[in-house]
Amino acid sequence: MSTAVNQAMVEKYKGNFLKEVTENVEEGNWVKMCMQCGVCSGSCPLGPHWDHPPQEIFMMIRANKREEVLSSTSMWMCTSCYNCIARCPRGLPITHIMHGLAHYSKRIGLKPKNQPTEKFGQMFWDNLTKKGRVNELKLGLGLYFKDGFAEGVKVAMSKQKLGMNMMKAKRMSPMEMLGGHGVSDLAGFHAMLKKAEELEAARVGENTDKK
Amino acid sequence: MKIGGYLCTGCGIGDRLDTKSLETVAVREGRIGFCKTHDFLCSQAGVDMINADLAAEGDDKVTKLVIMACSRRAKTEAFNFGAVPTARVNLREGVIWIRPEGSEHEETTQEMAADYIRMGCAEVKAMHQADASGEQGKNNHIMIVGGGVTGMTAALEASKAGYYASIIEKSDRLGGVMGQLHKRHPLRSPYQHPQDTGVAAMIAAVEADDKITVYLNSKVASTSGAPGRFNVTIASSVGAGTQAEFGAIVQATGFTPYDANNLPEFSYGKSANVVTQLELEAMAQAAGDGAIKRADGKEVKNVVFVQCAGQRSEKEGHLSWCSGHCCSTSVKQAMYFKDSNPEIETTILFDDLRTPGAGGENFYRSAQDKMVTFRKGKVSTVEAAGSDLKVNFKDLILNEDTHMEADLVVLATGMMPNAGVNIDAPKDDAANGEVKVPVESILNLQYRQGPDVPQLVNGFADSHFICFPYETRRTGIYTAGPVRRPMDGGQAQTDAMGAVMKAIQAIENSAIGRAAHPRSGDLSFPSFRKEGCTQCKRCTVECPFGAINEDEKGYPQYNEARCRRCGTCMGACPVQVISFKNYSIETVGAQLKAVEVPDEYSEKPRILVLACENDAYPALDMAAMKRNESSAFIRVIPVRCLGSTNTIWIKDALGSGYDGVVMMGCKKGVDYQCHFVKGSEMAHVRMAKIGDTLSTMNLESERVAVHEVAITDIDRAPKLLDEMVEVINRVGMSPFKF
Ligand code: SF4
Ligand code: SF4
Ligand code: SF4
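Residues numbered from 1 in each chain as written. Chains lettered and ligands numbered in written order. Predicted model: local features only at pLDDT ≥ 70, side-chain atom pairs only at ≥ 80, totals over all residues. Heavy atoms only, no water.

What about the overall build of chain B?
- Summing up its helical and strand segments, chain B has 19 helices and 29 strands in all.
- Its C-alpha atoms give chain B principal-axis dimensions of about 95 × 60 × 55 Å.
- Taking as baseline every contact in chain B between residues at least 6 positions apart, the subset at least 24 positions apart corresponds to 70%.
- Here chain B displays about 29800 Å² of accessible surface, and carbon together with sulfur accounts for 50% of that area.
- Between the averaged position of the 80 positive side-chain charges in chain B and that of its 92 negative side-chain charges there is a distance of 2 Å. (Helix = DSSP H or I, 4+ residues; strand = E, 2+ residues; numbered from the N terminus. Contact = heavy atoms within 4.5 Å. Areas by Shrake-Rupley, 256 points an atom, 1.4 Å probe, with all protein chains shown as cover. Lys, Arg positive; Asp, Glu negative; His and termini not counted. Charge placed at Lys NZ, Arg CZ, Asp CG, Glu CD.)

What follows is the structure in structure tokens.
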């Protein structure tokens, strides 16, 4: 489905990526207001490790570098520290735009492969939506074993002490392995999520249908 | 004639000094009528005492004053006795605040105070009451050269203030460049959309105003005289000329757009679809609020603006400066397109986007909101391929060479001032075979120093962008708008108001013979003793303000209202025949001779300090306020400007046994700080030649030092004096003591 949406978007915006971002990305309508001062890139604690720090991402959007932006790992690296938002003289909600871009790239199927933040995000979502409560034991183990069995055993061993302490303090229960706790109205919770998904799909559809 | 001395014993003066003996010094050695003491001289009671003596009748009437108290820069209100010649002896900042307490210092400190009293008494004797010359009366009429928005605003403002104005416009219509625009930048909050230029309404207001006369198709053929009595010949290209008298002049001659034919790399001239900003205005005007069309009739769908085209560049034939308005102008023009059709692609390629002025940033933001694309990029070339264009540029954020397609390219070219003839240009251009297009003069001043006002940098006519805006180096003539520095229409109108205020001030001052700042209110003016004059012309050359003409015999001709009272002419005169009533070779000469010079074996050297009263003297005062200790051997004399320093003072000082001379003037050069623009520079040039005098006297050259001192050099100024003390310690006492 995602590639179809992608195709539709490409056709709809015909090389005007700024407009596409403005209309589809969360807080994307702010991108045009960036004045390229570079304060965000200079403030971002992780900026030096990104392929493209925020200022550059905004310039690339205006320069129509669609594929490069949407398949970039950069916005997935945002830790939501909010340094950039606090400092941007133009008041851009940069953190939110970063997450908006990440989400949009995933939605239309251009997200980078094997990006750990993205993987963890998906894992967390799946874990949460199952019962309406996060199952920390399963989530933790899932995370340990995400890079294969041998690696998982190694990580799990090294975190053994932490796990024991959490159990002693009743912060985690081994019983969670068997099903685990959840919300009381599970059916209602799932219905709610389904409705939200429908609304979102309709919104995206509306944007891609209308040419 | 009776000289009254008044010694204040307040502020610690009475505690630190033996005032009884100082009174004796004033009367016996200073030979003044009397010396009264008061323990709080600047109080009402103290001032009343002085005023009573000034008002007395007969023999008791006091006509000159010696105030022995604080610095001349303190208590100026209390000790303001109008035109009465007054010497201020600085015993507080000049003596007790810079000298340490303790019995071992008492003797030298007391000597210092006594010397300053002798100096004050000698100075006042050489001073005379200053009276205005009455050279001109009041003329309420302002000539405004240039009928653009700057000139028209100036005329309307003058009229509103109750003065008359005549606009001299060389073309056949009012309005200037603003009159050729489709719309202008917004002038009021929220600064979001281009607005009507308002030129038509302004022209109507000018025409309806019975205090304003407009001369179209006209030029200034000749300007002579001075503030309050400018005599102007107005030449008309269509009819007879006119003769008129004006009190002051505002020059609002604007700018000429840079010739884009100098930019072949952008295909200007090669493609009709590469235009300048001004050409786009005409296209927008033709379109009204509809679609803007190219020369070939096609509607523009994709426009690229190239900022800084041939500007802010050191390349041959380019302008090195920023013209100030072009970023906002491109922002405005991009809106012409976006407002008519949001689907039109508009890209502004900029290096640094600068939108000066209160609303600039909002206007920029508004364009971003309207989806104008801003890309930081430097354009290298524009290629014309058929009717379409390819703009090659380097994206400075992504650091890559790239290009864009466009169907119209707009070049943001700069402005060149219409300042007339550069009177300071070297004259030998013709010699190296270069053919120069002669520049037409704007004012045709019948001044010995040249036909137009001096230029500051890059041909813009001003004297100091920050300290003295609008003021040229020709008193009574003020520049406003882009002829003064690059700016947009809104700033030019603000400028016009400022320049008119200055013009009115000049009219009012000259009517009563008063000086403009920095010696505002001074009624004295320089005059020369004709019998002594050798017609050397030094004064006419060195006067920074072009105040002095020459008569047919080659004698200087002073124009009081053109003069700023700096005294540079007095300092320049090799035969010392120039003087002011209250400031002359004698007023300073007598002071330096009044100092008691102890003999060679006393170990008490004497160092003469000539300090500019505008910067160096206040810096020394402020150092004293911080109780910065100074040597007891310095004797400071404030001068109007270091430019007024005549070499005779230095010779006299060295000849009468001073061990060193320190001169302190303001910063000179292009970023000068001198209140009289060139005074300090002239003094430096003059003093560079003092070495000859020193070597004929067999004295070490280090005994004379010339420094540039700013008013903020509070810690440095006293150190410079300490340095001279060290020099004397090293080279020894002067052998010229008697
Ligand atoms: S701090 Fe704000 S205006 Fe500056 S580059 Fe970053 S997003 Fe743009
Ligand atoms: S919120 Fe994200 S983009 Fe902003 S400074 Fe922090 S890590 Fe960087
Ligand atoms: S040099 Fe100074 S004092 Fe002398 S005429 Fe010129 S402005 Fe006046």
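Let's talk about the site of ligand 1
Residues and elements named next belong to chain A.
- As a matter of local geometry, ligand 1 sits amid 13 residues, with Cys34, Cys37, Gly38, Cys40 and Cys88 nearest to it.
- Mapped by element, the contributors of at least two residues to the shell around ligand 1 are helix H3 (39-43) and helix H4 (54-62).
- Within the shell around ligand 1, the residues separate by chemical class into ten nonpolar, three polar and no charged. (Near = heavy atom within 4 Å. Nonpolar A, V, L, I, M, F, W, Y, C, P; charged D, E, K, R; others polar.)

Digging into the site of ligand 2
- Neighbouring ligand 2 are the residues Cys44, Pro45, Trp50, Pro54, Cys78, Thr79, Ser80, Cys81, Tyr82, Asn83, Cys84 and Thr95 of chain A.
- Within the shell around ligand 2, the residues separate by chemical class into eight nonpolar, four polar and no charged.

Concerning the state of the cysteines
- Applying the stated criterion across every chain, the model contains zero disulfides over all chains.
- The thiol sulfur of cysteine 539 of chain B is not disulfide-bonded, and the nearest other cysteine sulfur, from cysteine 536 of chain B, lies at 6.2 Å. (Disulfide = S-S within 2.5 Å.)

Side note on the interface of chain B and chain A
- In this assembly, 16 residues from chain B lie in contact with 17 residues from chain A.
- When chain B packs against chain A, the two sides together hide about 1500 Å² of surface, and 56% of this comes from carbon and sulfur.
- For the chain B face of the interface with chain A, the top three residues by lost area are Gln368, Met371 and Ile397 of chain B, together amounting to 36%.
- For the pair chain B and chain A, the interface holds four salt bridges. (Buried area = accessible area lost by both parts, 1.4 Å probe. Salt bridge = Lys/Arg side-chain N within 4 Å of Asp/Glu carboxyl O.)

Some words on the packing of H4 of chain A against helix H7 (residues 94-107) of chain A
All names here are of chain A.
- The geometry of H4 relative to H7 is characterised by a closest axis approach of 11 Å and an angle of 60 degrees between their N-to-C directions. Viewed along their axes, H4 and H7 adopt a mutual orientation that is oblique. The interaxial crossing formed by H4 with H7 has left-handed handedness. For the pair formed by H4 and H7, the contact residues are Pro54, Ile57, Phe58 and Ile61 on the first element and Ile94, Ile97, Met98 and Leu101 on the second.
- Tallied by class, residues from the contact of H4 with H7 come to eight nonpolar, no polar and no charged. (Axes fitted to C-alpha atoms, helices over the stretch in contact; angles between N-to-C directions. Parallel < 35°, antiparallel > 145°, perpendicular 65-115°, else oblique. Left-handed = near helix turned anticlockwise from the far one by under 90°.)

Notes on the environment of arginine 627 of chain B
Residue and element names in this part refer to chain B.
- Examined against the element boundaries, arginine 627 turns out to sit in the loop between helix H15 (616-625) and strand S27 (634-639).
- Since its relative accessible area comes to 47%, arginine 627 is described here as partly exposed.
- C-alpha separation for the pair arginine 627 and glycine 490, spaced 137 residues apart in sequence, amounts to 48 Å.
- Polar contacts involving the side chain of arginine 627 include one to the main-chain carbonyl oxygen of methionine 625, which spans 3.1 Å. (Buried < 20%, exposed > 50% of the residue type's maximum accessible area, 1.4 Å probe, protein only. Polar contact = N/O pair within 3.5 Å; in protein donor to acceptor, adjacent residues only side chain to side chain.)

Examining the sheet that holds strand S15 (residues 345-350) of chain B
- Taken in spatial order, the seven strands of this open sheet run S13-S19-S14-S15-S16-S17-S18 (chain B), and their pairing is mixed. Edge positions in the open sheet fall to strand S13 (274-276) and strand S18 (400-406) of chain B, since each of these has one partner strand only. Each strand axis lies, on average, 35 degrees off the axis of its neighbour in the sheet, ignoring direction.
- Strand direction decides the pairing type here: S13 of chain B and strand S19 (residues 408-411) of chain B, joined by three bridges, are parallel. Its bridge partner being in S19 of chain B, valine 275 of chain B is matched across the sheet by valine 410 of chain B.
- Sitting on the sheet, H4 of chain A touches strand S16 (373-385) and strand S17 (388-395) of chain B, and the angle it makes with S16 of chain B is about 40 degrees. (Pairing = 2+ DSSP bridges.)

A short note on the pattern of salt bridges
All names here are of chain B.
- Tallied over the full model, the rule gives 59 salt bridges over all chains.
- Between arginine 484 and aspartate 462 there is a salt bridge, and its shortest N-O distance comes to 2.7 Å. Here the residue arginine 484 occupies a position in the loop between strand S21 (477-479) and helix H11 (489-511), and aspartate 462 occupies one in the loop between strand S20 (415-417) and S21, the gap between them amounting to 22 residues. Each member of the pair, arginine 484 together with aspartate 462, is buried.
- A salt bridge links glutamate 471 to arginine 564, with the shortest nitrogen-to-oxygen separation between them at 3.1 Å.

Notes on a negative patch on the surface
Residue and element names in this part refer to chain B.
- Side chains of Glu629, Asp722, Glu723 and Glu726 sit close together on the surface and give a patch of like negative charge.
- With respect to the element layout, aspartate 722 can be found in helix H19 (residues 716-731).
- Exposure remark for aspartate 722: the relative accessible area of 31% places this residue in the partly exposed category. (Patch = residues over 30% accessible without salt bridge, like charges linked within 9 Å, V, L, I, M, F, W, Y side chains within 5 Å.)

Describing the domain arrangement of chain A
- Domains assigned within chain A are domain 1 (2-112) and domain 2 (116-195).
- Of note, the centres of domain 1 of chain A and domain 2 of chain A, computed from C-alpha atoms alone, are 30 Å apart. (Domains from an automatic or database assignment.)

Some words on the packing of aromatic side chains
Residue and element names in this part refer to chain B.
- On inspection of all chains with the given rule, the structure shows eleven aromatic pairs over all chains.
- Measuring from centroid to centroid gives 5.5 Å for tryptophan 321 and phenylalanine 460, while their planes differ by 85 degrees, and the two rings are edge-to-face. Here tryptophan 321, found in the loop between strand S14 (302-306) and helix H9 (326-340), pairs with phenylalanine 460, found in the loop between S20 and S21; they are 139 residues apart in sequence, far enough to count as distant.
- Judged by its relative accessible area of 15%, tryptophan 321 is buried.
- Its relative accessible area of 2% is what places phenylalanine 460 among the buried residues.
- Above the plane of the ring of tryptophan 97 lies arginine 627, whose end atom (NZ or CZ) is 4.1 Å from the centre. (Phe/Tyr/Trp six-rings, centres within 6.5 Å; stacked < 30°, edge-to-face > 60°. Lys NZ or Arg CZ within 6 Å of the ring centre and 35° of its normal.)

So, the nonpolar core
- Counting residues in each nonpolar core, the largest one holds 99 residues, and the members touching the most others are Met68, Leu91, Ile117, Leu610, Trp649, Ile650 and Met664 of chain B.
- The contacts of leucine 610 of chain B, once residues within four sequence positions are left out, are Val588, Ile637, Val639, Leu642, Thr645, Trp649, Ile650, Val662, Met663 and Met664 of chain B. (Core = buried A, V, L, I, M, F, W, Y, C linked by side-chain atoms within 4.5 Å.)

A look at the sheet that holds strand S6 (residues 164-168) of chain B
All names here are of chain B.
- Spatial strand order, S7-S6-S5-S11-S21: five strands in an open sheet with parallel pairing. Single-partner strands in this sheet number two, and they are strand S7 (212-215) and S21. Here the average twist between neighbouring strands, direction ignored, is 20 degrees.
- Taken together, the four bridges between strand S5 (residues 141-145) and strand S11 (residues 248-251) define a ladder with parallel strand orientation. When the sheet's bridge partners are listed, valine 145 is paired in S11 with glutamine 251.
- Most of the contacts of H11 go to S11, to which it runs at about 165 degrees, and overall it touches S5, S11 and S21.

Things to note about the side chain of aspartate 407 of chain B
Residues and elements named next belong to chain B.
- Looking at the secondary structure, you find aspartate 407 in the loop between S18 and S19.
- In this structure aspartate 407 comes out as buried when scored by relative accessible area, which is 5%.
- Beyond its immediate stretch of four places on either side in the chain, aspartate 407 contacts Asn273, Arg294, Lys298, Glu299, Val300, Lys301, Asn302, Val303, Ser387, Asp388 and Leu389.

Things to note about helix H10 (residues 360-369) of chain B
- Along H10 of chain B, the positions that sit buried rather than exposed are Gly360, Phe363, Tyr364, Ser366, Ala367 and Gln368 of chain B.
- Of the surrounding secondary structure, the elements contacted by the buried residues of H10 of chain B are H4 of chain A together with H9 and S16 of chain B.

Thoughts on a nonpolar patch on the surface
All names here are of chain B.
- A cluster of nonpolar side chains, Val457, Phe465, Ile466 and Val670, forms an exposed patch at the surface whose accessible area comes to about 400 Å².
- Tracing the chain through its elements places isoleucine 466 in the loop between S20 and S21.
- For isoleucine 466, a relative accessible area of 71% translates into the label exposed.

Some thoughts on the domain arrangement of chain B
- You can read the domains of chain B as domain 1 (1-129), domain 2 (141-257 + 418-511), domain 3 (260-413), domain 4 (527-563) and domain 5 (597-738).
- Placing the centre of domain 1 of chain B and that of domain 3 of chain B at their C-alpha centroids yields a distance of 69 Å.

Things to note about the side chain of arginine 294 of chain B
All names here are of chain B.
- Structurally, arginine 294 is set in the loop between helix H8 (277-287) and S14.
- The exposure class assigned to arginine 294 is buried, which follows from its relative accessible area of 4%.
- Separated by 2.6 Å, the side chains of arginine 294 and aspartate 296 make a polar contact.
- Not counting chain neighbours up to four residues away, the residues in contact with arginine 294 comprise Asn273, Met283, Val300, Ser387, Asp388 and Asp407.

Brief notes about the pairing of S16 of chain B
All names here are of chain B.
- Pairing of S15 with S16 involves four bridges; the strand directions are parallel. Following the sheet pairing, leucine 349 is matched in S16 by arginine 375.
- Across eight bridges, the pairing between S16 and S17 is antiparallel. Bridging from a neighbouring strand, alanine 385 pairs with aspartate 388 of S17.
- Following S16, the chain reverses through two residues before pairing antiparallel with S17; glycine 386 in that reversal takes a positive phi of roughly 65 degrees.

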